[in-house]
Protein chains: 2
Amino acid sequence: MNALAAHLPDAAGLIARRAGILTYQSPVVYMRVDCEICRSEGFEAQTRVEIEWKGRTVIATVHHVAADWLGHGEAGLSEPAWRVLGLSGGEMLAIRHPPVLESERHIRGKTYGASLDYEKLKTIMHDVAAGRLSDLHLASFVTATAGGRMSHEETVALTRAMIDVGERLHWPFSPVMDKHCVGGLPGNRTTPLVVAIVTACGLVMPKTSSRAITSPAGTADTMETLAPVNLDLQAMRRVVEKVGGCIVWGGSVQLSPADDVLIRVSRPLDLDGTAQLVASVLSKKAAAGSERVLIDIPVGPTAKVRSEEAADELGGLLEHVGEAVGLQLRVVRTDGTQPVGRGVGPALEARDVLAVLQRDSAAPADLRERALLLAGHLLEIGGKAGPGAGYALAQQALDSGQAWTQFVAICEAQGGLRQPPVAPHVRPYLAGAAGVVTAVDNRKLAMVAKLAGAPGAPAAGITLEVKLGDRIARGQPLFHVHAQTTGELEYAQAYANRQQGLVTIEEIA
Amino acid sequence: MNALAAHLPDAAGLIARRAGILTYQSPVVYMRVDCEICRSEGFEAQTRVEIEWKGRTVIATVHHVAADWLGHGEAGLSEPAWRVLGLSGGEMLAIRHPPVLESERHIRGKTYGASLDYEKLKTIMHDVAAGRLSDLHLASFVTATAGGRMSHEETVALTRAMIDVGERLHWPFSPVMDKHCVGGLPGNRTTPLVVAIVTACGLVMPKTSSRAITSPAGTADTMETLAPVNLDLQAMRRVVEKVGGCIVWGGSVQLSPADDVLIRVSRPLDLDGTAQLVASVLSKKAAAGSERVLIDIPVGPTAKVRSEEAADELGGLLEHVGEAVGLQLRVVRTDGTQPVGRGVGPALEARDVLAVLQRDSAAPADLRERALLLAGHLLEIGGKAGPGAGYALAQQALDSGQAWTQFVAICEAQGGLRQPPVAPHVRPYLAGAAGVVTAVDNRKLAMVAKLAGAPGAPAAGITLEVKLGDRIARGQPLFHVHAQTTGELEYAQAYANRQQGLVTIEEIA
C-alpha cells in the first residue's frame, strides 16, 4: 500500500519523470509493474488514465515497466504527455480513472445508426483535437463515418465543427484566393508557380502548405530549399501585406487541428471517405481565411480519384459543403495518369519550379501547362479575367517574366531567395532493354527517392528522365538517383535493383 | 548510414534487447531517435514494422527513444513482442515494412458495405489471433460489424471462423454439458453449484471459466480459493474422466483466441454488439467441445440485457447460430434486478457456494434458487429428467448431500479441497439513516471490493448485508469490507465514504 494513497482522496500520486519516448500523438504513462497504486486503482497495462498537474490534464495509456530506469513512486511520461502537461521533472502528478467522455457516447451512437448533429460533432472534434480520445475511439469514429454513412448535412456539420475547434485567420483583403489538389501526383509541384502567377496579376494568396508525411517531398519542403518557410502568423501577415502572397509551412498555425489527428488514423485504415476528405480540405481552407478556392482533382487509373463518376460525386459534395461554409469553389479535373515534371525530392522539384519561372527551354512542359491551367482558373474566379480568359492572362504573366519577379519578391519577403542545394552523389539507373516505356511505378520511385534521403536530405531524390510512351535505347538512363552520402546512394540503388517494374519497358514489334 | 544496411537487402538489422515494458496485446519496438535505419526506411513514431527472427515474425508499433537505456544499433522489444519471437537477448533482428494484410482490405470492404463470407472472416480472425492487426484495424473491424451490420449468415460465419482459428477439444463422452451467463451480476456464482449438481446426477460437464478482468472476481478466481484451477488440458481430462466434471481456469487452453483480442478492443468502445456477443459465447463453447449448452440471460434495468424484447432478439440469434455450429441450446431468462448472494470477492463468494452445498440455514436463498433452476434445465436437456422435472431432481441432488459429496470429489481430483482464506481486517459500513433499501449501485460496490484488494487478495471484498426492500435501522451494517491490510481497508473505506448512493435508503412515511 502506497502511503500517498491515504492523502489523495480522488487520485493516486506519482512523481513525474521524462521517459524520453516518442509516441507521436498517443500519450503513454510508464508505471512500475510493482506499483501499488496501479493495483489498488486497477491501472492495468493498456488502461487509460487521466494525469493532472496544476489544472492541466492529459489522458494517457498505461504501459507497465519491469526495468530499472523507472524508480519506485515514479511515473514516466512519453513526449506527447510531457509536452501537454508542460513538465520539467519531479512534479507530483495526480493520476486517476478518466471521465467517460460524451464524445465516446456519440461515436457509439453513430455506430449504432444515430445521426450526428453539429453540437455532437463539435464535442467529438474538441476531444479529438485535445488528444482525449484513444486510438480505438478515433478508429471507431473514422470507421463509423466512412462508407457513405454521413449525410450531406452531417458532412457540413463536421466541416463546421472542425473549423470551430481550431484557430481561424482573418485577412484585411478580399478576395483571398487558395488552391488544393486532391491526392498528389509525384512531382506535381504547381503551388509555387500558381501563387507567383496569380499574385503577379494582383490577387491575394496567402498559401500555407504541408511538409511530407509519407512522400519524398511536400510543398513546404520544396519551398524551403528556395526560401525560409517557418514563418509564424505575424511574419506571414507582413509578407502578404507586402507582396500579396506567400508560400509557407502551415504547421505553426493551429488550423483545423482535429483534421491532423483524424488523418493519422484514417491513413493506415485506408479510409479516406468522401465526407472526411471534404471536411478535411474545406475546414483547412475556411480556417485559413480563404474565400475563393480552386480544387484540382487529378483523375487517372492510379490516382486517388479513378473515374469521372467518382470525380462527379466528390466535386458535387465539395461544392455543396463549400457553399454551406461560405467558400466560393471551382472544381477542375486534370490528367492523373503519370507523374509531373522531372524531379522527385525537395531541391529537385524546386529546380523544376525555377526552370518554369525562368522560362528555361528545358523546363518540364507538363508542369508549366498545369500551372497555367490552374492559375488561369484562379484569375477567373478572382475576377481578374473573364470566363475563358484566365489561361492567356496567366501565360502572359509567366512569359513576360512578371511571375518570376513576383516569386523573387515573395522569397525575399519570406527571408531571402536561395539556391536549392545540389547532391554530391548522382548515379544513373539504366534501361536493361530497348523499347517503349509503358508503365512507371510511382510508389516504388517515391521509395527510391526516400531511401536516397529525401526529404530529410533536401538535395536527395530522383530525376525521372523518361515519360510514358518514350522510345528508349538499352543502357539509356531511366532516372538518376541523387544522394548526400555514398551510403544512401548505394542503399537506394540496392533497393532499386531488387525491384521489378520500377519503369516498365516493352519491346514494340 | 548504418553499416548493416548494405548487408541486408530486404530488411534493416538491429540487435534485440528486452525493454521490460508490458504493452498488453500490442507489441512495441523501441528504436533510438537517431537510428539511421529508421530514417532511411521511414520508420517513424507509430509506424508498424515487421520484425523477424529465425522465421518467426511479429508486427510491432515503433516508439522512438531519446533516453540512454537503449544503445546504438539496438531495438528494444516490449514483452508481447519478446514472447512471440522467443528471444533471449542479443539476436540480430530483421526489421522491415510489414506486408499489406488481406484482412485489412476485407475490413475496409466491410466498412464500405460489402458483406463478409467465411473465408474472409477466417483470414481476419487468423490475423486477429496472431496479433498481426493494429489496434486501429481491430477497432475498425469491431465498429464496422456492430450496430446490426452483420446478417445472421455473417454471424454464423464469424462464429465458425473464431472456432477454426483456435484449438478445439474433443471428449470421449456424450452429451458434453455447458452453461453460460450473459452479463454477470455481482455475486452470481452459480457455476460451481450447477456443475456439482448435474455431475452428481451423472452428466458430464468439463467447465472452463475465466478470471476477473474488470470485476472483483471471476469464477476461476472464486474456485481457486477452494481447489487448484490452473490445470492443463491433460490434467483437466484426467479430472473429467474420474469424476465427470471440473471447474478450471480456461486461460491455459487456446480456445477461440481471436475472441480474447476482440473483447479487449470492444470493451472500451462499449460495442458489445449482438453478433459479436453471440459469436464470442458460442465459439468458446463449440471450441471447448460442448454439445448441449444452457444460456442464462438475466434481464433487468441495470443488467446487460434490459428488456424482454432485447432478450427475445438475443435468444433467437443464439439459437439460430448455435444450431448452425452444431450446438444444442436452451436459453432461459432470470431476474437481473439485483446482486446475488452475499459475498463479492473470491473467497467471500466461495463461502456462499459452500453454504449452499452444505445446506447451511444461513446460505443465500437467491443463489440456491438460481443454481437449482439452471441445473434443472441442464438435467432436462441432458436427458436425465423429463420436461419440467429437472428442478426437482436438482433439488434432490442438493438436499441429499450428493452435490456436496460430488463437489468435494471434483476439488480433490483437481488437487485438493481447501478452505477459502479469511481476511484479517473487517469493518462495517453503517446506515446513516433508517428506512427501506430502494437501490444498490453494483458498479460502486464492485469498486469498493476491488479497492479492498479483490481479486488479487483473494480474501478481500465485501459482504452485502441487505437486499432491495429490506427495512433497516440507522447504524445497521449495510455491508462489511474485508481486507488483507489495514491500508487497503482504509483506502476502500475512504472511497466508500466519498460516494453517494452506494446503497440508497428512503424513509417510508
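Because the structure is predicted, anything quoted here is derived from the model rather than measured.

Colleague: Account for the side chain of Ser-283 of chain B, naming residues and giving values.
Modeller: Of note, Ser-283 of chain B is situated in helix H11 (residues 274-287). When sequence neighbours within four positions are dropped, the list of residues in contact with Ser-283 of chain B reads Thr-159, Met-162, Ile-163, Ser-256 and Val-278 of chain B.

Colleague: Outline the interface of chain A and chain B, listing residues and values.
Modeller: Taken together, the contact pairs 57 residues of chain A with 57 residues of chain B. Note on chain A versus chain B: buried area summed over both sides is about 4,900 Å², and carbon and sulfur give 59% of it. If you sort the residues of chain A by the area they bury against chain B, Leu-22, Leu-136 and Tyr-491 of chain A come out on top, with a joint share of 14%. Linking chain A with chain B are two salt bridges. Close ionic contact of Arg-108 of chain B with Asp-270 of chain A constitutes a salt bridge, the shortest N to O distance being 3.3 Å. Where chain A packs against chain B, one counts 12 residue pairs in polar contact (both at pLDDT 80 or more). Top element by residues in the side of chain A that touches chain B is helix H5 (residues 135-144) of chain A. It accounts for seven residues.

Colleague: Any details on unusual backbone geometry? Residues and values, ideally.
Modeller: Leave glycine aside and you will find that most residues have negative phi; peptide bonds, for their part, are mostly trans. Residues and elements named next belong to chain A. A cis amide bond, omega -5 degrees, links Ser-174 with the succeeding residue Pro-175. Note that Pro-175 resides in the loop between helix H6 (152-164) and strand E8 (177-181). The omega torsion across Ala-454 and Pro-455 is 0 degrees, close enough to zero to call that bond cis. Structurally, Pro-455 is set in the loop between helix H17 (442-451) and strand E16 (461-464). In the Ramachandran plot, Arg-359 falls in the positive-phi region, its phi being about 55 degrees despite a non-glycine side chain. Positionally, Arg-359 belongs in the loop between helix H13 (346-357) and helix H14 (365-381).

Colleague: Before we move on, can you summarise the pairing of strand E5 (residues 56-65) of chain B with the specific residues and values?
Modeller: Across the 10 residues of E5 of chain B, eight count as buried, placing the element largely inside the fold. Relative to E5 of chain B, strand E2 (residues 21-22) of chain A is paired through two bridges, and the arrangement is antiparallel. Residue pairing in the sheet places Leu-22 of chain A in a bridge with His-64 of chain B of E5 of chain B. Direction of pairing for strand E3 (residues 28-32) of chain B relative to E5 of chain B: parallel, over a ladder of five bridges. Within E5 of chain B, the residue paired with Val-29 of chain B across the bridge is Val-62 of chain B. Note that strand E4 (residues 48-53) of chain B and E5 of chain B share six bridges and pair antiparallel. In the strand pairing of E5 of chain B, Arg-48 of chain B is matched with Thr-61 of chain B.

Colleague: Lay out the relation of the copies chain A and chain B with the relevant residues and their values.
Modeller: For the pair chain A and chain B, the best superposition has an RMSD of 0.1 Å and corresponds to a rotation of 180 degrees with a translation of 0.0 Å parallel to the axis. Read as a symmetry element, the transformation amounts to a two-fold axis. Here 98% of the interface residues in chain A have copies in chain B that are interface residues too; the copies meet face to matching face.

Colleague: How would you explain the packing of helix H17 (residues 442-451) of chain B against helix H18 (residues 486-498) of chain B if you had to name every residue and give the values?
Modeller: All names here are of chain B. The geometry of H17 relative to H18 is characterised by a closest axis approach of 8 Å and an angle of 160 degrees between their N-to-C directions. As the angle between them shows, H17 and H18 are arranged roughly antiparallel. When the axes of H17 and H18 are compared, the crossing they make is right-handed. For the pair H17 and H18, the contacting residues are Lys-444, Met-447, Val-448 and Leu-451 in the first and Glu-488, Tyr-491, Ala-492, Tyr-495 and Ala-496 in the second. Residues of the contact of H17 with H18, tallied by class, amount to seven nonpolar, no polar and two charged.

Colleague: Quick one: what's the story with the pattern of salt bridges, residue by residue and with numbers?
Modeller: What the rule picks out here adds up to 46 salt bridges over all chains. The closest approach of N and O atoms between Glu-50 of chain B and Arg-132 of chain B, which form a salt bridge, is 3.1 Å. Of the two residues, Glu-50 of chain B is situated in strand E4 and Arg-132 of chain B in the loop between helix H4 (118-129) and helix H5 (135-144); the sequence distance between them amounts to 82 residues. Just as Glu-50 of chain B is buried, Arg-132 of chain B falls in that class too. Salt-bridge contacts for Arg-211 of chain B lead to Asp-221 of chain B; the nearest nitrogen and oxygen are separated by 3.2 Å. Residue Arg-211 of chain B is found in the loop between strand E9 (205-209) and helix H8 (219-224), and its partner Asp-221 of chain B is found in helix H8; the two are separated by 10 residues along the sequence. A relative accessible area of 9% places Asp-221 of chain B in the buried class. Three or more residues joined by partner-sharing salt bridges are found here, namely Glu-50, Glu-52, Arg-96, Asp-127 and Arg-132 of chain A.

Colleague: Help me get a handle on the packing of helix H7 (residues 191-200) of chain A against H13 of chain A, residues and values and all.
Modeller: All names here are of chain A. At a minimum axis distance of 9 Å, the contact between H7 and H13 shows a crossing angle of 30 degrees. Between H7 and H13, the angle falls in the class roughly parallel. You can see that H7 and H13 cross each other, and the crossing is right-handed. Counting all contacts with H7, which are made through Pro-192, Leu-193 and Ala-196, the residues of H13 involved are Val-353, Val-356 and Leu-357. Grouping the constituent residues of the contact of H7 with H13 by class yields six nonpolar, no polar and no charged.

Colleague: A description of the sheet that holds strand E13 (residues 343-344) of chain A should follow, citing residues and the corresponding values.
Modeller: All names here are of chain A. If you trace the four strands from one edge of the open sheet to the other, you get E13-E16-E18-E14, paired in antiparallel fashion. Unpaired on one side and paired on the other, E13 and strand E14 (425-430) mark the two borders of the sheet. Where E14 and strand E18 (residues 477-483) come together, six bridges link them in antiparallel fashion. Bridging across to E18, Tyr-429 finds its partner in Phe-479. The sheet strands contacting H17 are E13, E16 and E18, and the helix crosses E16 at an angle near 135 degrees.

Colleague: Please give an account of H14 of chain A that cites residues and values.
Modeller: Residues and elements named next belong to chain A. Given a rise of 1.5 Å per residue, 17 residues ought to cover 24 Å, and the 25 Å separating the end C-alpha atoms of H14 matches this to within 8%. In terms of burial, H14 is a largely internal element, 12 of the 17 residues being buried. Where H14 is concerned, the buried positions are Leu-367, Arg-370, Ala-371, Leu-372, Leu-374, Ala-375, Gly-376, His-377, Leu-378, Leu-379, Glu-380 and Ile-381.

Colleague: I'd like a rundown of the state of the cysteines, residues and numbers included.
Modeller: Residue and element names in this part refer to chain B. Tallying each qualifying case throughout the model produces zero disulfides over all chains. Considering cysteine sulfurs only, Cys-246 is the nearest to Cys-411, which forms no disulfide, with 11 Å between them. For Cys-411, a relative accessible area of 0% corresponds to the buried category.

Rules used in this analysis
Residues numbered from 1 in each chain as written. Chains lettered and ligands numbered in written order. Predicted model: local features only at pLDDT ≥ 70, side-chain atom pairs only at ≥ 80, totals over all residues. Heavy atoms only, no water. Helix = DSSP H or I, 4+ residues; strand = E, 2+ residues; numbered from the N terminus. Contact = heavy atoms within 4.5 Å. Buried area = accessible area lost by both parts, 1.4 Å probe. Salt bridge = Lys/Arg side-chain N within 4 Å of Asp/Glu carboxyl O. Polar contact = N/O pair within 3.5 Å; in protein donor to acceptor, adjacent residues only side chain to side chain. Buried < 20%, exposed > 50% of the residue type's maximum accessible area, 1.4 Å probe, protein only. Pairing = 2+ DSSP bridges. Least-squares fit on C-alpha atoms with pLDDT ≥ 70 in both. Axes fitted to C-alpha atoms, helices over the stretch in contact; angles between N-to-C directions. Parallel < 35°, antiparallel > 145°, perpendicular 65-115°, else oblique. Left-handed = near helix turned anticlockwise from the far one by under 90°. Nonpolar A, V, L, I, M, F, W, Y, C, P; charged D, E, K, R; others polar. Expected span 1.5 Å × (residues − 1). Disulfide = S-S within 2.5 Å.

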